[in-house]
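# Examining the three-dimensional arrangement
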Amino acid sequence: MPADYHRPDAKIVSELKDIANKLRIHSIKATDASNSGHPSSCSSAAEIMSVLFFHTMKYDIKNPRGASNDRFILSKGHAAPILYAAWAEAGLFPTEDLLNLRKITSDLEGHPTPRLNFIDVGTGSLGQGLSIAAGMAYTGKYFDKADYRVYCLIGDGESAEGSIWEAMAFASYYKLDNLVAILDVNRLGQSDPTPLQHDVEVYKKRCEAFGWNTCITDGHDVDSLCKVFHQASLVEGKPTCIVAKTFKGKNIPGVEDLENWHGKPLTKISDGILTHLKNLLNNPGPHQLTIKSPEKTIPETDLSEVKLSELPAYELGQQVATRAAYGTALVKIGKSCKYVVAMDGDTKNSTFSQTFMKAFPGRFIECYIAEQNLVGVGIGCACRDRTIPFISTFACFLSRAFDQIRMGAISQTNANFCGSHAGISIGEDGPSQMALEDIAMFRSIPGSTVFYPSDAVSCERAIELAAATKGICFIRTSRPSVPVIYKNDEPFQVGQAKIVRQASGDKVTVIGACVTLLEAVRAADQLATENISITIIDPFTVKPIDGKTIYECAKKTNGKILTVEDHYAEGGLGEAVCSAMSGYPNVIVKKLSVLEVPRSGKSAELMEKYGISANCIVKAVHQMMSM
């Protein structure tokens, strides 16, 4: 044991033991009151929570999300009652409020969400907490350069999730010695014992194999927990994992270490259990421990003014891929705001996030081919408004992390995603690389904004707007170069479409984006040789869609709308337009989209084969004119 370690005196140890049992009592009472919840899962973590919140962590109880505070992530979110109980015991709110658990009028939900001022992210979809904690720790060590520490409590059952081990590899590689993971090895899962049960040596070897400083401890021995948390604070160059052997339902007679008690309140037997737990208390009154305050104060961030440092600089007609414009725009907003950061999943030379990396190497994170962790790290970086993260990879690979993105919305995160190589227009790489469901995925996320810029100018503006837009933003970029169609000073706003072509006597309103907008323009040129004119709309954002502009144009084309998209039919641009038009009379919408799993081929060949080329638009316009 290091020489500077001072074992807590007997009074402190006694208080910590009492607090652990008080947390159990609170958890049981709360789950009894709601007649639902996970008291047995709470009980295995009681001593861990007691030592963390009342002996180890440094935080300002009056400012739970203070920039200088230590952070805590409850990855095993079903143990929410004991987290709520810890904050109540610490004095943040009355313990009586715990009885409102899971009520519709209360923010003490079944699993943690940031509706509560002491919760950073939503948890409960298991396996995600450690990635977020790693993002917070990376931010602390490399961006904030601060001394706050990050703690993440993980259930042994959720350690079966691959995302846990993606995070383990990431944290080790980046030497996140300010990160401590606690594995609550209570042996029992929801329906069966966990695969390793109490074989803590195997857990230790696995964590060590991933490069973590690892120790085994009795998770119910507060003295031992105090020691290992102190040891972790002295480790340099490695994150620490504490493998805590615990028992599900600890100190609950008739429940401890027994199966079939997961997620069940103890309502019918709780009277005797509560009496038993109260009898274990040495001091049933308020605790006398002093919570440690942060030793250093770090400044708050100002994320209010994020602008392009200079106007786009393109020539009309210049051929530029929107993915390239993404990298250019990132550098520009990075110049204007030092809190802009970027990360990628080993595709930076294709997404062009490497442009930002070269300009600001200290603000770029390479997350390698681990997309679930990539998204979790980005969400962690965004916590407490410490950074404005831009997360990029091929759009199709973001589907692998859909649950992390979904939970990001629940977490009220302000994270920005750029998915490149969208659609069949990428060409020869084939269907595994073609994002054809990405718009549908991001449109389904509550509160999201979906940008689909059609040229380099609009792409730069999309990046600027995304940085200042709350919630999850998705920017869809494409591989092929497309002509610049907007002047460099063209204004753009979220939810405002652009009318690219319009004339008196237009027959059909055609809506496309990026590669399909270009095809629509080509189709218009072909139709002009037949003295047929069409209105062309660039939606700019697919969510929110500019229904007003679309309808005003449609009224002038006898209610006829044609959408064309490099995306599957379900959930994309066409369905967004249909949804927007559902409240308007006398509108007909015809959709052109990719209707089957595509194959490899040249971009133009594929767009013709799958029905979204200029020729296909011309045919569709003729069909609509005959309706």
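Source: prediction; values computed, not measured.

## A few points about the domain arrangement of the chain
Under the domain assignment used here, the chain contains domain 1 (10-280), domain 2 (318-484) and domain 3 (498-626). Relative placement of domain 1 and domain 2: their C-alpha centres are 32 Å apart. Counting from both sides, the interface comprises 31 residues of domain 1 and, opposite them, 28 residues of domain 2. When domain 1 packs against domain 2, close to 2300 Å² is buried across both sides, 56% of that on carbon and sulfur atoms. Counting every contact that joins domain 1 to domain 2 gives 2 salt bridges. Our enumeration of links across domain 1 and domain 2 arrives at 10 residue pairs in polar contact (both at pLDDT 80 or more). Taken together, the elements giving at least two residues each to the side of domain 1 that touches domain 2 come down to α5 (129-143) and α6 (162-173). For the side of domain 1 that touches domain 2, the element with the highest residue contribution is α5, accounting for 7 residues.

## Digging into the UniProt feature "domain: Transketolase-like pyrimidine-binding" (unreviewed entry) in the chain
Under the UniProt annotation, the feature "domain: Transketolase-like pyrimidine-binding" (unreviewed entry) is placed at residues 320-484. Helix makes up 39% of residues 320-484 and strand 19%, with an end-to-end C-alpha separation of 7 Å.

## Considerations on the packing of aromatic side chains
Note on aromatic pairs: each is described by the distance of the centres and the angle between the planes. Applying the stated criterion across every chain, the model contains 24 aromatic pairs. Summarising the aromatic geometry, the rings of Phe170 and Tyr174 are spaced 4.9 Å apart at their centres and angled 55 degrees between planes, so their arrangement reads as tilted. Here Phe170 matches Tyr174 in class, with each residue buried. Both rings, one in Phe356 and one in Phe360, keep their centres 5.1 Å apart while their planes meet at 45 degrees; by these two values the pair is tilted.

## Points about the pattern of salt bridges
Counted under the stated rule, the structure contains 25 salt bridges. The partner of Arg7 in a salt bridge is Asp223, with the nearest N and O atoms 2.6 Å apart. On the criterion of sequence distance, the pair formed by Arg7 in the segment before α1 (10-34) and Asp223 in helix α8 (residues 222-234) is long-range, its members being 216 residues apart. Here Glu109 makes a salt bridge to Arg115, at a shortest N to O gap of 2.8 Å.

## Details of the side chain of Glu15
Examined against the element boundaries, Glu15 turns out to sit in helix α1. Although Glu15 lies buried, it forms no salt bridge, and the closest oppositely charged side chain, Lys22, sits 5.2 Å away as judged by the N-O distance. Leave out the neighbours within four places in its chain, and Glu15 touches Asn283, His287, Gln288 and Leu289.

## Quick notes on the sheet that holds strand β3 (residues 179-185)
Strand order in this open sheet of 5 strands is β1-β2-β3-β5-β4, and the pairing throughout is parallel. Looking along the sheet, the strands with just one partner apiece sit at the ends: β1 (71-74) and β4 (213-218). Direction aside, the axes of adjacent strands within the sheet are offset by 20 degrees on average. Of the strand pairs in this sheet, β4 and strand β5 (residues 240-245) are connected by 6 bridges, and their pairing is parallel.

## Things to note about the pairing of strand β19 (residues 588-594)
Here strand β18 (residues 560-568) runs beside β19; their pairing, made up of 6 bridges, is parallel. Residue pairing for β19: Lys560 is matched across the bridge by Ile588.

## Some thoughts on the side chain of Thr217
Relative to the elements of secondary structure, Thr217 occurs in strand β4. Judged by relative accessible area, Thr217 falls into the buried class, the value being 5%.

## Structural notes on helix α4 (residues 80-90)
Extensive coverage of α4 is indicated by the burial of 11 of its 11 residues. Every buried residue belonging to α4 is among Ala80, Pro81, Ile82, Leu83, Tyr84, Ala85, Ala86, Trp87, Ala88, Glu89 and Ala90, and all of these are buried. Where the residues of α4 are buried, they touch α1, α2 (39-44), α3 (46-56) and β1. Gly91 sits one or two residues past α4 and shows a positive phi near 105 degrees.

## Section: unusual backbone geometry
Geometrically, the link from Lys543 to Pro544 is a cis peptide bond, its omega value of -5 degrees lying close to zero. Tracing the backbone through its elements, the reader meets Pro544 in the loop between β17 (541-543) and α18 (547-555). Not every positive phi belongs to a glycine, and Gln412 is a case in point at roughly 60 degrees. Summarising the element assignment, Gln412 is placed in the loop between α14 (402-410) and β10 (416-420). According to the relative accessible area criterion, Gln412 is partly exposed, its value standing at 47%.

## Considering the environment of Asn21
Its place among the elements puts Asn21 in helix α1. With relative accessibility at 6%, the residue Asn21 sits in the buried group. In the structure, Asn21 is positioned 26 residues away from Glu47 in sequence and 8.1 Å away in space, judged by C-alpha atoms. Among residues more than four places away in sequence, those in contact with Asn21 are Asn251, Leu277, Leu280 and Leu281.

Here is what the cut-offs are and how they apply
Starting afresh in each chain, residues are numbered from 1 along the sequence in its written order. For a predicted model such as this one, the threshold for reporting local features is a pLDDT of at least 70, and the threshold for listing and counting side-chain atom pairs is 80 or more; totals across whole chains, interfaces and linings nevertheless cover every residue. The basis for every side-chain value is the complete set of non-hydrogen atoms in the structure, without hydrogens or water. Domain delimitation in this document rests on an assignment produced automatically or drawn from a domain database. Pairs of residues are marked as contacts when any of their non-hydrogen atoms sit within 4.5 Å. Here the quantity called buried area is the total loss of accessible area, with a 1.4 Å probe, experienced by two parts when brought into contact, counted for both. By convention in these notes, a salt bridge is any Lys or Arg side-chain nitrogen within 4 Å of a carboxyl oxygen on Asp or Glu. Between N or O atoms, a polar contact is any pair within 3.5 Å; within protein, one atom must be a potential hydrogen donor and the other a potential acceptor, and residues adjacent in sequence are included only when both atoms are from side chains. Here a helix means four or more residues in a row that DSSP labels H or I, a strand means two or more in a row labelled E, and each is numbered from the N terminus. UniProt positions are given in the numbering used here, feature names are shortened, and annotations may be inferred rather than shown by experiment. Between the rings of Phe, Tyr and Trp (Trp by its six-membered ring), a pair exists once the centres lie within 6.5 Å; its type follows the angle of the planes, with under 30 degrees stacked, over 60 edge-to-face, and the other angles tilted. For every residue, the accessible area (1.4 Å probe, protein chains only) is compared with the maximum for its type, and the residue is labelled buried under 20%, exposed over 50%, or partly exposed between those bounds. Charge convention: Lys and Arg are scored as positive, Asp and Glu as negative, and His as well as the terminal groups of each chain are ignored. By this definition, two strands are paired if DSSP reports at least two bridges between them. Helix axes are fitted only over the stretch in contact, all axes being lines through C-alpha atoms; the angle between N-to-C directions runs from 0 to 180 degrees.

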